[in-house]
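Working through the structure, step by step
Take a look at the letters that make up each chain.
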Amino acid sequence: MKKILFLPLLQMQSGHHQVAEALMDLLKKHTDDFIFKKIDLLSYTNKSLEKVITNGYLNWIRYAPETYNLAYKSFFYVPPTKKHSFKWYEPLFLKKMEQLIAEEKPDLLVCTHGFPSYLLSKLKMKGKCDLPIINVYTDFFINSVWGREGIDLHLLPSQEVKAKLSRKVPNQQLIVTGIPVHQEMTKTFTRKKHTNRLKILLSGGNSGLGGILKLAEELKLSTNLDFLILCGNNKKLYDEIHSWDLEHIKPLRYLSSRLEMNQLYEEVDAIISKPGGVTISEAIQKKLPIFVHSALPGQEKINLRYLKTQNLVFELNLTTPLESQLLSVLTDQKKMNGWEHAIDSYQQGMELEKPEKIVDLIESILDQKTSSRQSRLVRYSSPLRI
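Everything quoted here is computed from the prediction, not taken from an experiment.

**Structural notes on the sheet that holds strand β7 (residues 198–202)**
Here six strands make up an open sheet; going across it, the order is β9-β8-β7-β10-β11-β12 and the pairing parallel. Unpaired on one side and paired on the other, β9 (249–253) and β12 (314–315) mark the two borders of the sheet. Lying over the sheet, helix α10 (residues 258–267) contacts β7, β8 (225–232), β9 and β10 (270–273), oriented at roughly 140° with respect to β7.

The following block contains the structure:
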């Protein structure tokens, strides 16, 4: 049995964890040859440190979003000519990564966050890691922390990202898969409006970030649309909306079942969301019109820039009545045809016919690595010839 170690970052549920779990479940379904483990390096290093960083991250975004956005651009989104330096704490995390690999003894490493990828690339270039490494990207761009040297396979979100990365790592394997979503999110090829009264899904309330309650307040006055609001674990948001007792607005608690989430996507005519990589990719998979109400600083703002350039989403103007904006798009066949064309173009850029082809890629990388190791062993153990 081969062991695959998945490496997201932080314990909070995020796209890094969702993508790792999607791939783990995909592999479990299509092969019995692997065992899996998902480990956050920060928690492995120090659980208290991980909690401090998570709380600091959430509070920074909540209370000082503009400074976070500036810091993200300065540190994670720098020109290729600028080298990263993690200064005093890099040796600590490099040592912990070596320790983790020695303890777990994996055959393959899959990074769904840039920091573990950065550390592994460093170790590989120093000759301290000879394991195959896969980068799986969870946004519509690649920030400058991700490791590039020594990476065996890159699973990329788009053809545009592939074109940029191929200039930097011309000899590495680059495959456009889109941001992986769970296999239970079935692909929708054509959508039909369910009724004359359109139903809209409002997402993004779980963390308490992004101003969902303020947005929902405006929807109280809607007369032509029905809204389902995903509150996740945000009990305060759920209780507040539930107290309104409005027939056209229904709050939903956390949905643990992906099958339920898939069914929910089937029931609605559009989604209002933040531009998180996984949520947007699920909506694209379901061919669901996407309206963006806000973007968290950092990666979501950069995601939004790409999505707007490619005409994959509609950005809402929060100073204009939302109902009229939604109806002006959803009832305009010309706008909808343009959006569908953009979605089709994006999906045509995918290079694997089916998601399970990722399983073949991973098996191929492991076979190549095994063959390479066996070849070295034979070469080193062969008697000297004089």
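**Things to note about the side chain of Ser-43**
Mapped onto the elements, Ser-43 comes out in helix α2 (residues 41–45). Accessibility expressed as a relative area gives 14% for Ser-43, which makes it buried. Sequence-distant contacts of Ser-43, defined by excluding residues within four places in its chain, comprise Gln-11 and Glu-50.

**Some remarks on the state of the cysteines**
Tallying each qualifying case throughout the model produces zero disulfides. Cys-129 provides the cysteine sulfur closest to Cys-111, a residue in no disulfide bond, and the two sulfurs are 9.4 Å apart. Looking at Cys-111, the relative accessible area reads 0%, which means it is buried.

**What about the sheet that holds strand β1 (residues 2–7)?**
Strand order in the open sheet made by the six strands is β2-β1-β3-β4-β5-β6, with parallel pairing throughout. Looking at strand neighbours, the two that pair on one side only are β2 (34–38) and β6 (173–176), the edges of this open sheet. Within the sheet, the average angular offset between the axes of one strand and its neighbour, ignoring direction, is 20°. One ladder, built from four bridges, connects strand β5 (residues 153–156) with β6; its direction is parallel. Looking at β6, one finds that Leu-153 is bridged to Gln-173. Each of β1, β3 (108–111) and β4 (133–136) is contacted by helix α6 (residues 114–125), which is oriented at about 140° to β3, the strand it contacts most. Packing of helix α7 (residues 159–166) onto the sheet brings it into contact with β5 and β6, and relative to β6 it is tilted by some 165°.

**Let's talk about the confidence of the model for the protein**
Summary statistics for the protein give a mean pLDDT of 86 and a share of 88% for residues scoring 70 or more. This model gives residues 375–386 a pLDDT under 50, and the stretch forms one contact once residues within four places in sequence are excluded.

**Comments concerning the side chain of Gln-325**
Tracing the sequence through the fold places Gln-325 in helix α13 (residues 322–330). Dropping the residues within four chain positions of it, Gln-325 is found in contact with Phe-291, Glu-315, Leu-316, Asn-317 and Thr-320.

**Some points on the packing of helix α5 (residues 90–104) against α6**
In contact at an axis separation of 10 Å, α5 and α6 are set at 85° when each is read in the N-to-C sense. By the angle between their axes, α5 is roughly perpendicular relative to α6. Taking contact as the criterion, the partners of Glu-90, Phe-93, Leu-94, Met-97, Glu-98 and Ile-101 in α5 are, on α6, Phe-115, Pro-116, Tyr-118, Leu-119, Leu-120, Lys-122 and Leu-123.

**Structural notes on empty space enclosed by the protein**
Remark: the empty space left among the atoms is shown by a probe the size of a water molecule rolled over them. Counted by the stated rule, this structure contains one cavity of 30 Å³ or more. Breaking the lining of the largest cavity down by element, the ones donating at least two residues are α1 (15–30) and α11 (277–285). No other element matches α1, which puts three residues into the lining of the largest cavity. Among the residues making up the lining of the largest cavity, the classes are represented as five nonpolar, two polar and two charged.

**Some thoughts on the pattern of salt bridges**
Scanning the entire structure with this criterion turns up 14 salt bridges. Among the ionic pairs, Asp-25 bridges to Lys-28, the shortest N-O distance being 3.9 Å. Note that Asp-25 and Lys-28 are positioned in helix α1 at a spacing of three residues, about one turn of the helix. Judged by relative accessible area, which is 24%, Asp-25 ranks as partly exposed. With a shortest N-O distance of 2.7 Å, Asp-152 and Lys-124 are connected by a salt bridge. Of this pair, Asp-152 sits in the loop between β4 and β5 while Lys-124 sits in helix α6; the two residues are 28 residues apart in sequence, bridging distant segments of the chain. Looking at Lys-124, the relative accessible area reads 15%, which means it is buried. The structure contains a network of salt bridges with shared partners spanning Glu-21, Asp-25, Lys-28, Lys-38 and Arg-258.

**Side note on a positive patch on the surface**
Among the surface-exposed residues, Lys-164, Arg-167, Lys-168 and Arg-305 lie close enough to one another that they form a single positively charged patch. Following the sequence through the fold, Lys-168 ends up in the loop between α7 and β6. Residue class for Lys-168 comes out partly exposed when judged on its relative accessible area of 44%.

Cut-offs used in this document
- Residues numbered from 1 in each chain as written.
- Predicted model: local features only at pLDDT ≥ 70, side-chain atom pairs only at ≥ 80, totals over all residues.
- Heavy atoms only, no water.
- Pairing = 2+ DSSP bridges.
- Helix = DSSP H or I, 4+ residues; strand = E, 2+ residues; numbered from the N terminus.
- Contact = heavy atoms within 4.5 Å.
- Axes fitted to C-alpha atoms, helices over the stretch in contact; angles between N-to-C directions.
- Buried < 20%, exposed > 50% of the residue type's maximum accessible area, 1.4 Å probe, protein only.
- Disulfide = S-S within 2.5 Å.
- pLDDT = per-residue confidence, 0-100.
- Parallel < 35°, antiparallel > 145°, perpendicular 65-115°, else oblique.
- 1 Å grid on protein atoms, 1.4 Å probe; cavity = no way out; pocket = protein on both sides within 12 Å on 5 of 7 lines; lining within 4 Å.
- Points joined across faces, edges and corners; volume = space filled by probe spheres on them.
- Nonpolar A, V, L, I, M, F, W, Y, C, P; charged D, E, K, R; others polar.
- Salt bridge = Lys/Arg side-chain N within 4 Å of Asp/Glu carboxyl O.
- Patch = residues over 30% accessible without salt bridge, like charges linked within 9 Å, V, L, I, M, F, W, Y side chains within 5 Å.
- Areas by Shrake-Rupley, 256 points an atom, 1.4 Å probe, with all protein chains shown as cover.
- Lys, Arg positive; Asp, Glu negative; His and termini not counted.
- Charge placed at Lys NZ, Arg CZ, Asp CG, Glu CD.

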